[in-house]
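# Observations on the model geometry
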Amino acid sequence: EPEVTQTPSHQVTQMGQEVILRCVPISNHLYFYWYRQILGQKVEFLVSFYNNEISEKSEIFDDQFSVERPDGSNFTLKIRSTKLEDSAMYFCASRAVGQGGNQPQHFGDGTRLSIL
Amino acid sequence: AQSVTQLDSQVPVFEEAPVELRCNYSSSVSVYLFWYVQYPNQGLQLLLKYLSGSTLVKGINGFEAEFNKSQTSFHLRKPSVHISDTAEYFCAVSDSAGGYNKLIFGAGTRLAVHP
């Protein structure tokens, strides 16, 4: 069964550094998402992406965050200048086109981001 | 705006006993409802979904859930649990009318199955 893959599984970065988290969505999916889960807290929506542009973003997704689909297969999340509070598990998800959005989202195994 | 409340943060249960994990949601629009499971050090795996039609939906691994519109609930049940069901379970909703359908998650329920 096709799956969403995320790399790296664990990223350790110094505060203030830029970090790029990578995701390869399922090949025929057209909607892409990033979520994050701070340790011990709920999974939170960051951003959705469709047709090469952001379709919706949360308050968390400020100017320090950006997303890109650079080559038709990868979907990346960049944090420009990381803060301690960016430490979390970041999940990528994708879904197929469906009537009224009835296709479920498929998640990767996540990237654990640790900011020192 | 939607919100999801999972009433129990932890549910301990003995192997082969039945279990119910509770989920209530709040929304001003029609929603789709989902249950995801997260095993240690893994991502979120879809257990089951409610889109429309029959209010009782069956998922993988013997789980089922019942949508109750009047009580705005979507409780997850399994008649007999196994040790391997030990995991974190997340209830989630999305707006059925919108095209982009972000998921709003509950805080999760940790199911601990004991021998």
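These numbers come from a predicted model, not from an experiment.

### Observations regarding the overall build of chain B
Helix and strand content of chain B: zero helices and 12 strands. Counting from the amino terminus, helix and strand elements in chain B follow one another as β-β-β-β-β-β-β-β-β-β-β-β. For chain B, the C-alpha radius of gyration of 14 Å lies close to 13 Å, the compact-globule estimate for 115 residues. Taken over the C-alpha atoms alone, chain B extends approximately 45 × 30 × 20 Å along its principal axes.

### Notes on the interface of chain A and chain B
With 22 residues of chain A at the interface, the matching set in chain B holds 22 residues. Considering only the surface of chain A that becomes buried against chain B, Lys42(A), Val43(A) and Phe107(A) emerge as the three largest contributors, covering 25% of it. The tally of links from chain A across to chain B stands at one salt bridge. A salt bridge links Lys102(B) to Glu56(A); the nearest nitrogen and oxygen atoms lie 2.8 Å apart. Where chain A touches chain B, the interface holds six residue pairs in polar contact (both at pLDDT 80 or more). Looking at the side of chain A that touches chain B, the elements that each hand over two or more residues are strand S4 (31-37), strand S5 (43-50), strand S6 (53-57) and strand S9 (88-95) of chain A.

### Some thoughts on the sheet that holds strand S8 (residues 75-79) of chain A
All names here are of chain A. Here four strands make up an open sheet; going across it, the order is S1-S3-S8-S7 and the pairing antiparallel. At either end of the open sheet lies a strand with only one pairing partner, and these are strand S1 (5-7) and strand S7 (65-68). Sheet twist, expressed as the mean angle between neighbouring strand axes with direction ignored, is 20°. In terms of strand pairing, S1 meets strand S3 (residues 19-24) through three bridges, oriented antiparallel. Bridge pairing in S3 places Thr 5 opposite Val 24.

### What to know about the state of the cysteines
Residue and element names in this part refer to chain A. For the structure on display, the rule yields two disulfides over all chains. Note that Cys 23 is cross-linked by a disulfide to Cys 92, the S-S spacing being 1.9 Å. Residues Cys 23 and Cys 92 are joined by a disulfide whose S-S torsion is about -65°; by sign, that bridge is left-handed. With Cys 23 in strand S3 and Cys 92 in strand S9, this pair connects stretches of sequence that are 69 residues apart.

### Quick look at the pattern of salt bridges
Going through the model one piece at a time under the given rule, you end up with eight salt bridges over all chains. Each of Glu20(B), Glu66(B) and Arg77(B) takes part in a single network of salt bridges with overlapping partners.

### Side note on empty space enclosed by the protein
Using the criterion set out here, one finds one cavity of 30 Å³ or more in the structure. There is about 40 Å³ of room inside the largest cavity. If you go around the largest cavity, you meet 10 residues; those closest to its centre are Gln103(A), Gln105(A), Phe34(B), Ser94(B) and Leu103(B).

### Remarks on the packing of aromatic side chains
Under the defined criterion, the tally for this structure stands at 18 aromatic pairs over all chains. Between Phe32(A) and Phe75(A), the aromatic rings sit 5.4 Å apart at their centres with planes inclined by 40°, giving tilted as the arrangement. One end of the pair, Phe32(A), is in strand S4; the other, Phe75(A), is in strand S8, and 43 residues separate them in sequence. Taken individually, Phe32(A) and Phe75(A) each receive the classification buried, so the pair is uniform in this respect. For the ring pair Phe107(A) and Tyr36(B), a centre distance of 5.2 Å and an interplane angle of 80° mean the geometry is edge-to-face. Placement of Phe107(A) in strand S10 (residues 106-107) and of Tyr36(B) in strand S5 (residues 31-38) is noted, with the two residues assigned to different chains. Per residue, the accessibility class of Phe107(A) equals that of Tyr36(B), and both read buried. Among the aromatic residues, those joined into a cluster by ring pairs are Tyr33(A), Tyr35(A), Phe45(A), Phe91(A), Phe107(A), Phe34(B), Tyr36(B), Phe90(B) and Phe105(B). Geometry around Tyr31(A) places Arg95(A) over its ring, the cationic atom sitting 3.9 Å from the centre.

### Quick look at the environment of Cys23(A)
Residues and elements named next belong to chain A. According to the relative accessible area criterion, Cys 23 is buried, its value standing at 1%. Residues Cys 23 and Lys 42, spaced 19 residues apart in sequence, show a C-alpha to C-alpha distance of 21 Å. Residues in contact with Cys 23, not counting those within four places in the same chain, are Val 4, Thr 5, Gln 6, Trp 34, Ser 73, Asn 74, Phe 75 and Cys 92.

What counts, and at which threshold
- Residues numbered from 1 in each chain as written.
- Chains lettered and ligands numbered in written order.
- Predicted model: local features only at pLDDT ≥ 70, side-chain atom pairs only at ≥ 80, totals over all residues.
- Heavy atoms only, no water.
- Helix = DSSP H or I, 4+ residues; strand = E, 2+ residues; numbered from the N terminus.
- Rg over C-alpha atoms; globule rule 2.2 N^0.38 Å.
- Contact = heavy atoms within 4.5 Å.
- Buried area = accessible area lost by both parts, 1.4 Å probe.
- Salt bridge = Lys/Arg side-chain N within 4 Å of Asp/Glu carboxyl O.
- Polar contact = N/O pair within 3.5 Å; in protein donor to acceptor, adjacent residues only side chain to side chain.
- Pairing = 2+ DSSP bridges.
- Axes fitted to C-alpha atoms, helices over the stretch in contact; angles between N-to-C directions.
- Disulfide = S-S within 2.5 Å.
- 1 Å grid on protein atoms, 1.4 Å probe; cavity = no way out; pocket = protein on both sides within 12 Å on 5 of 7 lines; lining within 4 Å.
- Points joined across faces, edges and corners; volume = space filled by probe spheres on them.
- Phe/Tyr/Trp six-rings, centres within 6.5 Å; stacked < 30°, edge-to-face > 60°.
- Buried < 20%, exposed > 50% of the residue type's maximum accessible area, 1.4 Å probe, protein only.
- Lys NZ or Arg CZ within 6 Å of the ring centre and 35° of its normal.

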